[in-house]
Amino acid sequence: MAAPASVSEKKKMAMEFAVTYAAAGALALACGAVFIVAFGGDVLVALGTVLRSSLGTWGGFAQTLNKFSPLLLASLAVAFGMRGGHFNIGVDGQIYAGAIGMTGTAFALEGMNLPWPVFVPLGLLGGILGGWFWGFIPGILRVRYRVSEIFVTVMLNFVALYLVDYLANGPWNDPLAGDAISLPIPDASVLPQVMPRAGAHAGFIIALAAAVGMYYFMTRTIAGYEIRAVGDNPRAARFGGINVARVTLIIMPTCGALSGLAGAIEVSGFHQSLLLGISGAEGAPNYGAMAILIAVIGRNNPLGVTIAAAVFAVLVSGSDSLQRSIGLPGAAVFVFQAIIVLTVVFVQARRNIKAG
């Protein structure tokens, strides 16, 4: 086993990490500027517009915080799986499973007149359990029948989506809404607001706590060490006495639980109803796809993932203003996301080649 890195080695690694991302950020800005100029826009106006609309006003900052919550939790779900050698492509389905769990719990407890300090945690727990179950299915299929979790998680995305469609149009439908949307959840199950006038809820605090918890779990516990060992070399981990099947049944349900918490927060804090517009459906943010990009950029490290999720939250929150200010299409944010990922991967590859 390799000796632990010294303090000087850790500082050197941190400096190399910072230099890599600084270079990637500069290159991404340059490529983005070329894209904006190609569409006849002003680079400084575009940058100022994004920052002003996402961070420059209380309302914009609140919406950025609200986007940050599901982005961070979904990205942690992907990063946790990848760190253990598992590819969780089912974030969108797990988010919807969590949204169903939250909504169903809220409706089931509606008549008990519970205070919000009790009601909200129970509702979030329902969402966590919904996502946990959606992650357990691919985990047990991989362990028992060696079915790739990639295929199962992708297929479960569609199952969850159609289940939400059925519930929002059927037994939970709000007849006054005139759309695929459920009745509103009880007021006592709604997440408290940290910026009431601007509309920011407390979900970002929960997401940050989850990132801290994941860091501690991965670096300070035996189970975290086993997950990292399986991710680095499953065959060596098996020879070393680690139960790889047990690790799989830790990883996949935990990924689902993190995504399910994201879905529960979206229902409890933002939409306050179950609907198809939470993630991955037409016109909704595709948190699953963005989570994969963020996990790659953050190198599956909770700190890196948190920083990358914050950047993407700013981009998503400020993207609508680009269409109004300089005439860029609404899908421009996806181009910027792709540019960021490609530049980070390019710079990392260049550094790896030089180091090798």
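Computed from a predicted structure; not experimentally measured.

S.K.: What exactly am I supposed to notice about the overall build of the protein chain here?
M.R.: A count of helical and extended segments in the protein chain gives 13 helices and two strands. Computed over C-alpha atoms, the radius of gyration of the protein chain comes to 21 Å, within 12% of the 21 Å expected from 2.2 N^0.38 for 356 residues, which places it in the range of a compact globule. Taking the principal axes of its C-alpha atoms as reference, the protein chain extends roughly 65 × 60 × 35 Å. Each of the 356 residues in the protein chain was classed as buried or not, and the buried ones make up 48%. Long-range pairs, those at least 24 residues apart, make up 74% of the contacts in the protein chain between residues at least 6 apart in sequence. For the protein chain, the exposed surface amounts to about 17,300 Å²; the carbon and sulfur share of it is 67%.

S.K.: How should the pattern of salt bridges be read in this particular structure?
M.R.: Pairing between side chains of opposite charge can happen when their charged atoms approach one another. Per the stated rule, a full pass over the model turns up three salt bridges. R83 is the salt-bridge partner of D232, the closest N and O atoms lying 3.3 Å from each other. On the criterion of sequence distance, the pair formed by D232 in helix α8 (residues 222–232) and R83 in helix α3 (residues 58–83) is long-range, its members being 149 residues apart. The class for D232 is exposed, based on a relative accessible area of 57%. A salt bridge links R246 to E226, with the shortest nitrogen-to-oxygen separation between them at 2.5 Å. Of the two residues, R246 is situated in helix α10 (residues 244–271) and E226 in helix α8; the sequence distance between them amounts to 20 residues. Given a relative accessible area of 37%, R246 falls into the partly exposed group. With relative accessibility at 13%, the residue E226 sits in the buried group.

S.K.: Explain the packing of α3 against helix α7 (residues 203–220) here, please?
M.R.: The relative placement of two packed helices comes down to the angle between their axes together with the axis-to-axis distance. One way to put it is that α3 packs onto α7 with a least axis distance of 8 Å and a crossing angle of 20°. Judged by the angle between their axes, α3 and α7 are roughly parallel. Crossing geometry of α3 relative to α7 is assigned as left-handed. Touching L65, F68, S69, L72, L73, L76, A79, F80 and R83 of α3 are G203, F204, A207, L208, A210, A211, M214, F217 and M218, all from α7. Per-class residue counts for the contact of α3 with α7 are 15 nonpolar, two polar and one charged.

S.K.: Would you mind going over the nonpolar core with me for this structure?
M.R.: Nonpolar side chains in soluble globular proteins generally cluster together in the buried interior. Among the nonpolar cores identified, the biggest contains 91 residues, and L71, L72, L73, L76, L274, I278 and I297 are the most heavily contacted of them. At 12 residues, the largest contribution of residues to this core is made by α3. Ignoring any residue separated from it by four or fewer positions in sequence, one finds L73 in contact with A207, A210, L258, L261, A262 and I265.

S.K.: Can you help me understand the packing of α8 against α10 in this one?
M.R.: Running from N to C, α8 and α10 point in directions that differ by 105°, and their axes come no closer than 10 Å. Between α8 and α10, the crossing angle belongs to the class labelled roughly perpendicular. Every residue of α10 that contacts α8 at E226, I227 and V230 is listed here: V244, R246, V247, I250 and I251. For the contact of α8 with α10, the per-class residue count stands at six nonpolar, no polar and two charged.

S.K.: Would you mind showing me how to read helix α2 (residues 43–55) here?
M.R.: Working note: α-helix, 3.6 residues per turn, so residues spaced by three or four point in the same direction. The first and last C-alpha atoms of α2 sit 18 Å apart over 13 residues, in line with the 18 Å expected at 1.5 Å per residue. Residues of α2 that are buried include every one of A46, T49, V50 and S54, and no others. Down the axis of α2, the sector holding all buried residues measures 105°, keeping them to one side. For α2, the exposed residues set more than 90 degrees away from the buried face come down to L44 and R52.

S.K.: In this structure, what is going on with the packing of aromatic side chains? I would like to understand it.
M.R.: For any two aromatic rings, the description comes down to two numbers: the centre-to-centre distance and the angle of the planes. On inspection of all chains with the given rule, the structure shows four aromatic pairs. When the ring of F80 is compared with that of F217, the centres are 6.1 Å apart and the planes differ by 45°; the resulting orientation is tilted. Of this pair, F80 sits in helix α3 while F217 sits in helix α7, and the two are 137 residues apart along the sequence.

S.K.: Is there a simple way to think about a nonpolar patch on the surface in this case?
M.R.: Nonpolar side chains collect at one region of the surface, where F87, I89, I150 and F151 lie side by side and expose about 370 Å² of accessible area between them. One can find F151 in helix α6 (residues 149–169). For F151, a relative accessible area of 62% gives the class exposed.

S.K.: Help me out: how do you make sense of the environment of N169 in this one?
M.R.: Looking at the element boundaries, N169 is found in helix α6. In this structure the C-alpha to C-alpha distance between N169 and L275, which are 106 residues apart in sequence, comes to 9.1 Å. If sequence neighbours within four positions are ignored, N169 has contacts with D179 and A180.

S.K.: For this particular structure, what's the right way to read unusual backbone geometry?
M.R.: As a rule of thumb, non-glycine residues mostly have phi less than zero, and peptide bonds are mostly trans rather than cis. Residue N113 is not a glycine yet carries a positive backbone phi of 55°. By the secondary structure assignment, N113 is in the loop between α4 (91–108) and α5 (116–145). On the accessibility criterion, N113 (72% relative accessible area) is exposed. The phi torsion at R146 lies on the positive side, around 60°, for a residue other than glycine. Inspection of the secondary structure assignment puts R146 in the loop between α5 and α6.

Cut-offs used in this document
Residues numbered from 1 in each chain as written. Predicted model: local features only at pLDDT ≥ 70, side-chain atom pairs only at ≥ 80, totals over all residues. Heavy atoms only, no water. Helix = DSSP H or I, 4+ residues; strand = E, 2+ residues; numbered from the N terminus. Rg over C-alpha atoms; globule rule 2.2 N^0.38 Å. Buried < 20%, exposed > 50% of the residue type's maximum accessible area, 1.4 Å probe, protein only. Contact = heavy atoms within 4.5 Å. Areas by Shrake-Rupley, 256 points an atom, 1.4 Å probe, with all protein chains shown as cover. Salt bridge = Lys/Arg side-chain N within 4 Å of Asp/Glu carboxyl O. Axes fitted to C-alpha atoms, helices over the stretch in contact; angles between N-to-C directions. Parallel < 35°, antiparallel > 145°, perpendicular 65-115°, else oblique. Left-handed = near helix turned anticlockwise from the far one by under 90°. Nonpolar A, V, L, I, M, F, W, Y, C, P; charged D, E, K, R; others polar. Core = buried A, V, L, I, M, F, W, Y, C linked by side-chain atoms within 4.5 Å. Expected span 1.5 Å × (residues − 1). Arc of directions from axis to C-beta. Phe/Tyr/Trp six-rings, centres within 6.5 Å; stacked < 30°, edge-to-face > 60°. Patch = residues over 30% accessible without salt bridge, like charges linked within 9 Å, V, L, I, M, F, W, Y side chains within 5 Å.

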